[in-house]
Amino acid sequence: MTLTPGILARGPWRTDQVATRWREDCFEPGPALNDRADAAVAALADRGSPSHDGVAARLAGFELAGDRLTVELQPVRWALRLLPDDAQASMSVLCAVRDADGRWLAGRRASWVASWAGRWALGAGGAVEVGEDPARTLARELEEEWSVTPERLDVEALVCLPNRLVMLIGQAWLAPGAEVTPDPEHDAHAWWPADHAEWPEEAHAALHAMAAMLERTA
């Protein structure tokens, strides 16, 4: 499958409208890519970030049929997602989080984490574990990172980033009065205004683009 950066499929879908097929064969990147992945893991260790490798998911294919999205996944070496020019279709999820007033949950990533260290990000995100349904990964990451369960959770889009990292994007809405508790991967958090034009300067352009896409599907 050849992936072109951009939106691969647009929802929204309910979580039960997203199906997953897992392949048994593990993706083999070849010696050159494995060597680069080794170097990327070593670079994490050099700056004090967690540098354990493992197995995660990559997108091997997807299908749209009516109101359903089916993704075909296969096991892949986790560290390939660290390659800046070609993550080999490694798959992660991002769950944007809104409160009852439409505000956006933003968290500043701690300086020691592997990705987006020291930068602000929306909601929760992470790798899809082997055998896991990525629609369920959205809720799992939200619980792990913010200790909260959403009142509503939709799957919004399947997106390929410029480095061929694939993201399943979700949007979660919290019940009135719900409180979040950040995990150690965040050293600050804030509720940004519902209108992303009013966000603070630390909001990266990619975050504004994400909010604009989600507003069109809310």
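All of the points below concern the structure found in this document.

## Some thoughts on unusual backbone geometry
Move 1: The amide bond that connects Gly-11 to the next residue, Pro-12, takes the cis arrangement and shows omega of 10°.
Move 2: With respect to the helices and strands, the residue Pro-12 is situated in strand E1 (residues 6–14).
Move 3: Positive phi, normally seen in glycine, also occurs at Trp-116, with a value near 55°.
Move 4: By the secondary structure assignment, Trp-116 is in the loop between strand E6 (104–109) and strand E7 (120–122).

## Some details on the environment of Leu-80
Move 1: With respect to the helices and strands, the residue Leu-80 is situated in the loop between strand E4 (68–77) and strand E5 (91–98).
Move 2: The sequence separation of Leu-80 and Arg-58 amounts to 22 residues, and the corresponding C-alpha distance is 9.7 Å.
Move 3: Setting aside anything within four residues of it in sequence, one finds Leu-80 in contact with Phe-27, Pro-29, Leu-33, Ala-37, Asp-86, Ala-87, Gln-88 and Ser-90.

## Thoughts on helix H2 (residues 134–146)
Move 1: For H2, which comprises 13 residues, the first-to-last C-alpha distance of 18 Å matches the rise-based estimate of 18 Å (1.5 Å per residue) to within 8%.
Move 2: Capping the start of H2, Asp-133 holds a side-chain oxygen 2.9 Å from the backbone nitrogen of Ala-135, two or three residues further along.
Move 3: Positive phi appears at Ser-147, one or two residues downstream of H2, with a value of about 55°.

## Quick look at the state of the cysteines
Move 1: Here the structure, examined in full by the defined rule, presents zero disulfides.
Move 2: Cysteine Cys-26 remains unbridged, with the sulfur of Cys-160 as its closest cysteine sulfur at 20 Å.
Move 3: On the basis of relative accessible area, Cys-26 is assigned to the partly exposed category, the value being 36%.
Move 4: Overall, the relative accessible area of 2% leaves Cys-160 in the buried class.

## Topic: helix H1 (residues 31–46)
Move 1: Helix length check: H1 (16 residues) gives 23 Å between terminal C-alpha atoms against 22 Å at 1.5 Å per residue, within 8%.
Move 2: For H1, the complete set of buried residues consists of Leu-33, Ala-37, Ala-40, Val-41 and Leu-44. Each buried residue of H1 lies within a common arc of 95° when the element is viewed along its axis, so the set occupies one face. Those residues of H1 that are exposed and aimed more than 90 degrees away from the buried face are Pro-31, Ala-32, Asp-35 and Asp-46.

What counts and how
Residues numbered from 1 in each chain as written. Predicted model: local features only at pLDDT ≥ 70, side-chain atom pairs only at ≥ 80, totals over all residues. Heavy atoms only, no water. Helix = DSSP H or I, 4+ residues; strand = E, 2+ residues; numbered from the N terminus. Contact = heavy atoms within 4.5 Å. Expected span 1.5 Å × (residues − 1). Polar contact = N/O pair within 3.5 Å; in protein donor to acceptor, adjacent residues only side chain to side chain. Disulfide = S-S within 2.5 Å. Buried < 20%, exposed > 50% of the residue type's maximum accessible area, 1.4 Å probe, protein only. Arc of directions from axis to C-beta.

Nothing here speaks to function; it is all geometry.
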